[in-house]
Amino acid sequence: QVQLVESGGGLVQAGGSLTLSCAASGSIFSINVMGWYRQAPGKQRELVATINSNGSTKYADSVKGRFAISRDSAKNTVYLQMNSLKAEDTAVYYCNVVQVGRFAEYTSWGQGTQVTVSS
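Now for a quick tour of the structure. (Residues numbered from 1 in each chain as written. Predicted model: local features only at pLDDT ≥ 70, side-chain atom pairs only at ≥ 80, totals over all residues. Heavy atoms only, no water.)

**Quick look at the side chain of Thr113**
Put simply, the rule reads: The secondary structure listing takes helices from DSSP runs of H or I that are at least 4 residues long and strands from runs of E that are at least 2 residues long, numbered from the N terminus. Two N or O atoms form a polar contact when they lie within 3.5 Å of each other; inside protein one atom must be a possible hydrogen donor and the other a possible acceptor, and for residues adjacent in sequence the pair counts only when both atoms belong to side chains. Any two residues having at least one pair of non-hydrogen atoms within 4.5 Å are treated as being in contact.
Here Thr113 is to be found in strand β11 (residues 113-118). Separated by 3.4 Å, the side chain of Thr113 and the backbone nitrogen of Gly9 make a polar contact. When sequence neighbours within four positions are dropped, the list of residues in contact with Thr113 reads Glu6, Gly9, Leu20, Ala91, Val92 and Tyr93.

Below is the structure:
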């Protein structure tokens, strides 16, 4: 079982910045993709950004140019640098890790960290 510990959420004014971190531990064997998703009240969970084992990244259109995802594979940690935050970025942000086994993929989720952007 993989444990994901997120940190860095909080309250920030519009235009400000926050950095989220997520450290994975436990039964780690082959992490392929690490990423961040978010869920605002009354909305479905949506992809924010992902980064795979070769460093390729993917972003939601709504955060391109403002957010940057990175990872430290040696520490099994993924980061999300969030700049120029907007009120609509307010949500619970969830860390996600996908591991590749011999016959299947294994997905783990963090407990979520609240990001609130005041306008």
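Structure's up, so let's keep going.
**A look at the nonpolar core**
Cut-off, in case you're wondering: Definition of nonpolar core: a set of buried residues of the types Ala, Val, Leu, Ile, Met, Phe, Trp, Tyr and Cys, connected through side-chain atoms within 4.5 Å. Per-residue accessibility, obtained with a 1.4 Å probe over protein chains only, is compared with the maximum for each type, and a residue is labelled buried under 20%, exposed over 50%, and partly exposed between these values.
Among the nonpolar cores identified, the biggest contains 27 residues, and Trp36, Val48, Phe67, Val78, Leu80, Met82 and Tyr93 are the most heavily contacted of them. Listed by contribution, the elements that provide at least two residues to this core are β1 (2-7), β3 (18-26), β4 (31-39), β5 (46-52), β7 (67-72), β8 (77-82), β9 (91-100) and β11.

**So, the pattern of salt bridges**
Test applied: In what follows, salt bridge is the name for a side-chain nitrogen of Lys or Arg lying within 4 Å of a carboxyl oxygen of Asp or Glu.
Summed over the entire model, instances satisfying the criterion amount to four salt bridges. In this structure, the salt-bridge partner of Arg38 is Asp89, at a minimum N-O distance of 3.0 Å. Of the two residues, Arg38 sits in strand β4 while Asp89 sits in the loop between β8 and β9, which places them 51 residues apart along the sequence. A relative accessible area of 6% places Arg38 in the buried class. What makes Asp89 buried here is its relative accessible area of 1%. Sharing partners across several salt bridges, the network here consists of Arg38, Glu46, Arg66 and Asp89.

**Side note on the sheet that holds β8**
Selection criterion: A pair of strands is labelled paired if DSSP reports no fewer than 2 bridges between them. Inter-axis angles, ranging from 0 to 180 degrees, are taken between N-to-C directions of lines fitted to C-alpha atoms, where helices are fitted over the stretch in contact.
Here we have four strands laid out as an open sheet, ordered β1-β3-β8-β7, and antiparallel in their pairing. Strands at the two margins of the open sheet, each flanked by one partner only, are β1 and β7. Recorded for the sheet is a direction-independent mean angle of 15° between the axes of neighbouring strands. Pairing of β1 with β3 involves six bridges; the strand directions are antiparallel.

**Some remarks on the environment of Gly42**
Summarising the element assignment, Gly42 is placed in the loop between β4 and β5. As a C-alpha pair, Gly42 and Gly101 span 59 residues in sequence and 34 Å in three-dimensional space.

**Some points on the environment of Val63**
Mapped onto the elements, Val63 comes out in the loop between β6 (57-59) and β7. On the basis of relative accessible area, Val63 is assigned to the buried category, the value being 1%. Distance in space between the C-alpha atoms of Val63 and Met82 is 8.5 Å, their sequence separation being 19 residues. Residue contacts for Val63: discarding those within four places in its chain leaves Arg38 and Val48.

**Some points on the pairing of β4**
With eight bridges connecting them, β4 and β9 associate as antiparallel partners. Opposite Val33, over in β9, you have Val98 as the bridge partner. Two strands pair when backbone bridges link them, and β4 and β5 are joined in this way by six bridges, in the antiparallel orientation. Within the sheet, the bridge partner assigned to Val33 lies in β5 and is Asn52. If you look at the hairpin formed by β4 and β5, you'll find six residues sitting between the two strands, and Gly42 has a positive phi there, around 80°.

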